[in-house]
Amino acid sequence: MTDDAEYLYGIHSVAAALAEGTELAEVRIAKGFHGKRLARLEADAKAAGVRVRRVPREDLDRRSGGARHQGVLARVAAVALWDEDRLRERLDKLAETPLLLLLDGVTDPRNLGACLRSADAVGVHAVVVPRDRCAPLNPAARKVASGAAETVPVAAVANLARAMDALKERGIFLLGTSDAGNTPWYRADATGPTGWVLGAEGEGMRALTAKKCDALVRIPMAGTVSSLNVAVATGVVLFETVRQRHGAG
């Protein structure tokens, strides 16, 4: 995609950015595209003081790299990533049982976006990623996240293993998903302060990351596929946490 770090596209993503107060430099709407959702988005943008331009569809096609933009594209500032200090402040102020998601080696922006979407759906308090082994929060990731990139804090840490040690010192139990785990994921107790740790499909999490987990669990596969996509696995373990914390009924 051209200007990869500057553009957000799709009605839901742009509307979510406006609703969350994300700073938008301008909104571009393709000529010939109409409808109630677009009209509402245009009105919201103008009410927020954002410049709105009607441009040829080809302009959006080019800037979105041919992706499905639904006739709208916004030029935005990059999502601000948290650092360790901001993460600590967040945990210090929490009045509820912490739930974190740690991702190691998830370098596909669409997978990252899908993980954020699931994290938002269950109320994850923060997503922790290594600064040097993570996909960028670019428009592709934000499109898949459907607004979750603007609502779920993402903390980029210099050293994931060290960050895991700091979380454990706070009493957060780190559960990693791995083929090396002996316990099925649904038998792990996630009712207390929990951080789920997942690696990218294929190589999985790094050996040191796995070693730093308090326990490793597995998601058994009954078919011919050896493992789940990391975004699907994230949804599985996070919603199991919801089931445990709020009751199976």
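Basis of the calculations
- Residues numbered from 1 in each chain as written.
- Predicted model: local features only at pLDDT ≥ 70, side-chain atom pairs only at ≥ 80, totals over all residues.
- Heavy atoms only, no water.
- Helix = DSSP H or I, 4+ residues; strand = E, 2+ residues; numbered from the N terminus.
- Rg over C-alpha atoms; globule rule 2.2 N^0.38 Å.
- Contact = heavy atoms within 4.5 Å.
- Areas by Shrake-Rupley, 256 points an atom, 1.4 Å probe, with all protein chains shown as cover.
- Lys, Arg positive; Asp, Glu negative; His and termini not counted.
- Charge placed at Lys NZ, Arg CZ, Asp CG, Glu CD.
- Buried < 20%, exposed > 50% of the residue type's maximum accessible area, 1.4 Å probe, protein only.
- Pairing = 2+ DSSP bridges.
- Salt bridge = Lys/Arg side-chain N within 4 Å of Asp/Glu carboxyl O.

Asks: What's the story with the overall build of the protein chain in this structure? I'm lost.
Replies: Helices and strands together make up the secondary structure of the protein chain, namely nine helices and eleven strands. For 249 residues, the compact-globule estimate of 2.2 N^0.38 gives 18 Å, and the C-alpha radius of gyration of the protein chain, at 19 Å, lies within 12% of that figure. Along the longest, intermediate and shortest principal axes, the C-alpha atoms of the protein chain span 55 × 45 × 40 Å. Partitioning the contacts of the protein chain with sequence separation of at least 6, the portion at a separation of at least 24 is 80%. Accessible surface, the protein chain as shown: approximately 12100 Å² in total, 48% of it carbon and sulfur. Separation between the mean location of the 34 positive side-chain charges and that of the 30 negative ones in the protein chain comes to 5 Å.

Asks: Hey, could you run me through helix H1 (residues 11–19) in this one?
Replies: Counting along an α-helix, one turn takes 3.6 residues, and residues three or four places apart therefore face a common direction. Considered for burial, the residues of H1 that qualify are Ile11, Ser13, Val14, Ala16, Ala17 and Leu18. One or two steps after H1, the chain reaches glycine 21, where phi turns positive at roughly 80 degrees.

Asks: Mind showing me how you'd approach the pairing of strand E10 (residues 194–199) here?
Replies: As a general feature of sheets, a regular strand has side chains that alternate between the two faces. Burial within E10 is extensive, with six of its six residues counted as buried. Judged by which residues are buried, E10 turns out to be covered on both faces: Thr194, Trp196 and Leu198 on one side and Gly195, Val197 and Gly199 on the other are all buried. Relative to E10, strand E5 (residues 99–104) runs parallel, the two sharing six bridges. By the bridge assignment for E10, leucine 103 is matched with leucine 198. Pairing geometry for strand E8 (residues 173–177) and E10, over four bridges, is parallel. Bridge pairing in E10 links leucine 175 to tryptophan 196.

Asks: How should the pattern of salt bridges be read in this particular structure?
Replies: Pairs can form between side chains of opposite charge once their charged atoms are near each other. In the structure shown here, the tally under the stated rule is 18 salt bridges. With its nearest N and O atoms 3.9 Å apart, the salt bridge here joins glutamate 26 to arginine 75. Here the residue glutamate 26 occupies a position in strand E2 (residues 24–30), and arginine 75 occupies one in strand E4 (residues 72–76), the gap between them amounting to 49 residues. Given a relative accessible area of 2%, glutamate 26 falls into the buried group. A relative accessible area of 31% places arginine 75 in the partly exposed class. In this structure, arginine 131 engages glutamate 84 in a salt bridge whose closest nitrogen and oxygen atoms are separated by 3.9 Å. Here arginine 131, found in the loop between strand E6 (126–130) and helix H6 (139–145), pairs with glutamate 84, found in helix H4 (residues 84–93); they are 47 residues apart in sequence, far enough to count as distant. For arginine 131, a relative accessible area of 52% translates into the label exposed. Residues participating in the shared-partner salt-bridge network are Glu26, Arg28, Arg51, Arg53, Asp59, Arg62, Arg63 and Arg75.

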